[in-house]
Amino acid sequence: MKRPSEKRQPSIKRRDLLLAAAGGLSASLLSTPARLFGAAPDAKTGLGIVIYCCGLRQKALRADGRENPLADPLDFLEHCRRLGAGGIQTPLGARDEAYAVELRRRAETCGMFIEAVAALPHDQAGPNNQGSPRDQGSMERFEREVLTAKQAGAKSIRVVMIPGRRYENYDSAEQFRQAAERGLEALRLAEPIAARHRVRLAVENHKDHRAEEKLDVLKKIDSEYVGMCVDTGNSIALLEDPLETARAFAPWAFAVHLKDAGVREYEDGFLLGDVPLGEGVLDLPEIVRILREAKPDLPFSLELITRDPLQVPCLTEEYWATFADVPGRDLARTLRTIRRGASPEPLPRVSGLSLEAQVEREDENIRKSLVYARDRLKL
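What counts and what doesn't
Residues numbered from 1 in each chain as written. Predicted model: local features only at pLDDT ≥ 70, side-chain atom pairs only at ≥ 80, totals over all residues. Heavy atoms only, no water. Helix = DSSP H or I, 4+ residues; strand = E, 2+ residues; numbered from the N terminus. Buried < 20%, exposed > 50% of the residue type's maximum accessible area, 1.4 Å probe, protein only. Contact = heavy atoms within 4.5 Å. 1 Å grid on protein atoms, 1.4 Å probe; cavity = no way out; pocket = protein on both sides within 12 Å on 5 of 7 lines; lining within 4 Å. Points joined across faces, edges and corners; volume = space filled by probe spheres on them. Expected span 1.5 Å × (residues − 1). Arc of directions from axis to C-beta. Axes fitted to C-alpha atoms, helices over the stretch in contact; angles between N-to-C directions. Left-handed = near helix turned anticlockwise from the far one by under 90°. Nonpolar A, V, L, I, M, F, W, Y, C, P; charged D, E, K, R; others polar. Right-handed = clockwise from strand over helix to strand, strands pointing away. Pairing = 2+ DSSP bridges. Bend = angle between axes of the 7 residues up to and from the residue.

*Asks:* Provide a residue-level description of the overall build of the chain, including the pertinent values.
*Replies:* Along the chain, the regular secondary structure elements total 13 helices and 11 strands. In the chain, buried positions account for 54% of the 379 residues. Restricting to contacts in the chain with at least 6 residues of sequence separation, those with at least 24 account for 79%.

*Asks:* Give me empty space enclosed by the protein: which residues, what numbers.
*Replies:* Per the counting criterion, the structure on display carries three cavities of 30 Å³ or more. Here the second largest cavity is characterised by a volume of approximately 80 Å³. Lining the second largest cavity we find Lys207, Gly233, Asn234, Lys259, Asp260, Ala261, Leu272, Gly273, Asp274, Arg307, Asp308 and Leu310. If you list the elements that add at least two residues to the lining of the second largest cavity, you get β8 (260-266) and β9 (269-275). No other element matches the three residues that β9 contributes to the lining of the second largest cavity.

*Asks:* Pulling in residues and values, what's your account of helix α12 (residues 328-341)?
*Replies:* The end-to-end C-alpha distance of α12 is 20 Å, a good match for the 20 Å that 14 residues give at a rise of 1.5 Å each. Buried residues of α12: Asp330, Leu331, Thr334, Leu335 and Ile338, and no others. Take α12 and look down its axis: the buried residues cluster within an arc of 130°, on one side only. More than 90 degrees from the buried face of α12, the exposed residues found are Gly328, Arg329, Arg339 and Arg340. Contact partners of the buried residues in α12: β8 and β9.

*Asks:* Go over the packing of helix α8 (residues 173-197) against helix α9 (residues 211-221), please, and point to the residues and values.
*Replies:* Taken N-terminus to C-terminus, the directions of α8 and α9 make an angle of 40°; their axes are 11 Å apart at the nearest point. Considering how the two elements wind past one another, α8 and α9 form a crossing that is right-handed. Of the residues in α9, those touching α8 at Leu184, Leu187, Arg188 and Glu191 are Val217, Lys220 and Ile221. Partitioned by chemical class, the residues of the contact of α8 with α9 number four nonpolar, no polar and three charged.

*Asks:* Run through the packing of helix α6 (residues 136-151) against α8, naming residues and quoting values.
*Replies:* Where α6 contacts α8, the two axes come as close as 10 Å, and the packing angle between them is 30°. As α6 runs across α8, the sense of the crossing is right-handed. Facing Met139, Phe142, Glu143, Val146, Leu147 and Lys150 of α6, the residues of α8 in contact are Leu189, Ala190, Ile193, Arg196 and His197. For the contact of α6 with α8, the class distribution of residues is seven nonpolar, one polar and three charged.

*Asks:* Lay out the pairing of strand β3 (residues 113-117) in plain terms, naming residues and giving numbers.
*Replies:* Taken residue by residue, a regular strand's side chains alternate between the two faces of the sheet. Taking burial as the measure, the five residues of β3 include five buried ones, the bulk of the element. A two-sided burial pattern is seen for β3, the buried positions comprising Phe113, Glu115 and Val117 on one face and Ile114 and Ala116 on the other. As for the winding sense of the linkage, the β-α-β connection from strand β2 (residues 87-91) through helix α5 (residues 97-110) to β3 is right-handed. Pairing analysis gives two bridges linking β3 to strand β4 (residues 157-159), with the strands arranged parallel. Of the residues in β4, the one forming a bridge with alanine 116 is isoleucine 157.

*Asks:* Could you give an account of α8, naming the residues involved and the relevant values?
*Replies:* A rise of 1.5 Å per residue sets the reference length of α8, with its 25 residues, at 36 Å; its end C-alpha atoms lie 36 Å apart and thus fit the reference within 8%. Maximum bend of α8: about 25°, positioned at alanine 190, with proline proline 192 one to four residues after it. At the exit of α8 stands arginine 198, carrying a positive phi of roughly 60°.

*Asks:* Mind laying out the sheet that holds β8, listing which residues take part and the relevant values?
*Replies:* Sheet architecture is open: three strands sit in the order β8-β9-β11, paired in antiparallel fashion. For this open sheet the edge positions go to β8 and β11 (310-312), each flanked by a neighbour on one side alone. Across the sheet, the mean angle from the axis of one strand to that of its neighbour is 30°, orientation sign disregarded. Of the strands in this sheet, β8 and β9 touch α12, which is tilted by about 100° from β8.

*Asks:* An account of the side chain of threonine 90 is requested, with residue identities and associated values reported.
*Replies:* Mapping threonine 90 onto the fold places it in strand β2. Residue class for threonine 90 comes out buried when judged on its relative accessible area of 2%.

As structure tokens, this is what we get:
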């Protein structure tokens, strides 16, 4: 049966065999997740999966310019169902009502939740958030995406105010202040649209604002439709305590990016890598407890990006260019945390691996995390 308003697509098995042949990857690597992981109904967890967890698999599926089925929310939902996940967070785009209703129906049938991802209504193409936030076409695009999310039954829409990492993209406090003002204006433009459709916007702590700065934004907006997508691992890059960050954001939480962090010192600061849940420095049981205590029905989604570790150059002058008054004790506490929790071995890297091996690493990271979430975090 055809999907609403879509052409018939090749079957997953046939499509993956074609892609494997074209890209030089084994057919088993790109086969259906059920065959890859052996997922069974009793393996299911309530933890959702964010599309960014599957970046390497998508790269493989795009080999030689071929189609990327995981970009389709219905396909991504099925992929995550077969893994035993409890939901998805992914861009839904602006789609017709029939598609959105079918997506909602399938999710409800599987007992899974849906969260959307969307860009706020202004041009975020440039690294410094250039562009006019009052672009009418952008406003109309955002409203169409909000309507699709509502029709699909999405619990929230994850948004980002300021693109990129603060300490990498901005060279001065004034430059960052201007970007933050543009992000605030964009959120102000988005709020009436979200409120009109009664859809919640979950703003991620995206290595941009520190906790007090982000809470100041939420208080300025002052809307029941604007809250947080709490990323459990991002704020350590801004020298914040992950437990204190969770406590600060818990009352505002609409969604969670659950991740763990592998850490290790290097000459300019520390390395920060996404690792399977339970293998890093974060106290995930306590973070989950804090968030659940504030919001018992809060959905959690895995965001584990399999990549080389990031550099956080907190011992360089350039890092501090956008920070005016971060206490020295925050730097000292963070470095103590890094030293106590440092991996005895170099953090995992994937850049030297073949694409096939990278996808296998990504799949294994997801599998381990789902098992940990189910068995240890009771998600």
